[in-house]
Amino acid sequence: MSVKPMPATDRPTRKPGMSRTQKLLFFLTAWLICLMPFLFWWNTWFGRRLSDQQLNEYLHDTKKPRHIQQALVQLGERITRQDVSAKQWYPQLLALAADPVEEVRNTDAWIMGQDTSGAGFHETLLKMLSDPSQMVRGNAALSLVRFGDASGRPQILALLQPAQVASPESGRIVDADLPGTAIHQGGLIAKLEYGRQQTVELRSPIPGRIRSVAGTGASVTVGSEVAVIDPANDQVWEALRALYLVGQPEDLSAIRPYERELPDIPDHVRQQALETEQAVRKRSGS
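Just so it is clear, the model here is predicted, and its values are computed rather than measured.

### Some points on the packing of aromatic side chains
This model, assessed by the stated rule, comprises one aromatic pair. With centroids separated by 4.8 Å and ring planes inclined at 50°, the aromatic side chains of Tyr90 and Phe121 adopt a geometry described as tilted. Of this pair, Tyr90 sits in helix α4 (residues 90-96) while Phe121 is found in helix α6 (residues 121-128), placing the two residues 31 residues apart along the sequence. Each member of the pair Tyr90 and Phe121 is classed as buried. Over the aromatic face of Trp110 sits the side chain of Arg146, whose NZ or CZ is 5.8 Å from the ring centroid. Cation over ring: Arg241 sits above Trp237, and NZ or CZ is 4.6 Å from the ring centre.

### Topic: the sheet that holds strand β6 (residues 208-213)
Read across the open sheet, the four strands follow the order β1-β8-β6-β3; overall the sheet is antiparallel. Each edge of the open sheet carries a strand with a single partner, namely β1 (163-166) and β3 (182-183). Strand direction decides the pairing type here: β3 and β6, joined by two bridges, are antiparallel. Note on β6: the bridge partner recorded for Ala182 is Arg209.

### Considerations on the packing of α6 against helix α7 (residues 134-146)
At a closest axis distance of 8 Å, the pairing of α6 and α7 adopts a crossing angle of 145°. Considering only the axes of α6 and α7, their crossing is left-handed. Between α6 and α7, the residues in contact are His122, Leu125, Leu126 and Met128 and Val136, Arg137, Ala140, Ser143 and Leu144, respectively. Grouping the constituent residues of the contact of α6 with α7 by class yields six nonpolar, two polar and one charged.

Reading the values: rules and limits
- Residues numbered from 1 in each chain as written.
- Predicted model: local features only at pLDDT ≥ 70, side-chain atom pairs only at ≥ 80, totals over all residues.
- Heavy atoms only, no water.
- Phe/Tyr/Trp six-rings, centres within 6.5 Å; stacked < 30°, edge-to-face > 60°.
- Helix = DSSP H or I, 4+ residues; strand = E, 2+ residues; numbered from the N terminus.
- Buried < 20%, exposed > 50% of the residue type's maximum accessible area, 1.4 Å probe, protein only.
- Lys NZ or Arg CZ within 6 Å of the ring centre and 35° of its normal.
- Pairing = 2+ DSSP bridges.
- Axes fitted to C-alpha atoms, helices over the stretch in contact; angles between N-to-C directions.
- Left-handed = near helix turned anticlockwise from the far one by under 90°.
- Contact = heavy atoms within 4.5 Å.
- Nonpolar A, V, L, I, M, F, W, Y, C, P; charged D, E, K, R; others polar.

What follows is the structure, encoded as structure tokens:
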């Protein structure tokens, strides 16, 4: 039996394959998609070791505050290793206490607490207790404890308290995060619409977790509470450790809430709170 040939119109059309140029462009695009996240991570990861020259350049890189932070973190590591080469940058640490970027001052205050022999560190940290940022004041107070100085005790107690975010204008909340959400310092909490469709972003002054927040559509007046942020566990733990050394009996009311067995209070924080109260009582003879 002969097979009848298929009409030309019924034959499947063979699709042309990718050209060599198209293949190269495809693989190049895929490679770049994989490379870009790595480059972003590489440029923002604080663990990447810096040479002395890079560290010096980063400390003076006013256009990239994260470079300054990265250099500060690595300088702090050198200080804790008692690397004498770190001392050459101590004058820069003093200068950065007045940096316009809050995150830089915050890191700087912590690093200066790593060497109580640093010339000018003690005096500079005392001045930083008046910094406009709560976190900078808190870190300066924690570092002062290493100097045996309890001048920052009120600022340490403030680290145990929730932060209240007030409305800068009267208006309506057009977007808001949810209670229970973890948030970093400077993280967006809500957006407020006021006036003639003007919008302002409300951000968290501390790292922590949103306890409460006005919902989308809520009307608020200037100065009214929009959100309450509970402090992050690491912040609380550091404050309790400091109060273990400098806390007074009148501080116990701020310490005891962290002794409770609640899901949002980790065991190490609860244990530190208990030990801190015991140390305070022993020190006061009560």
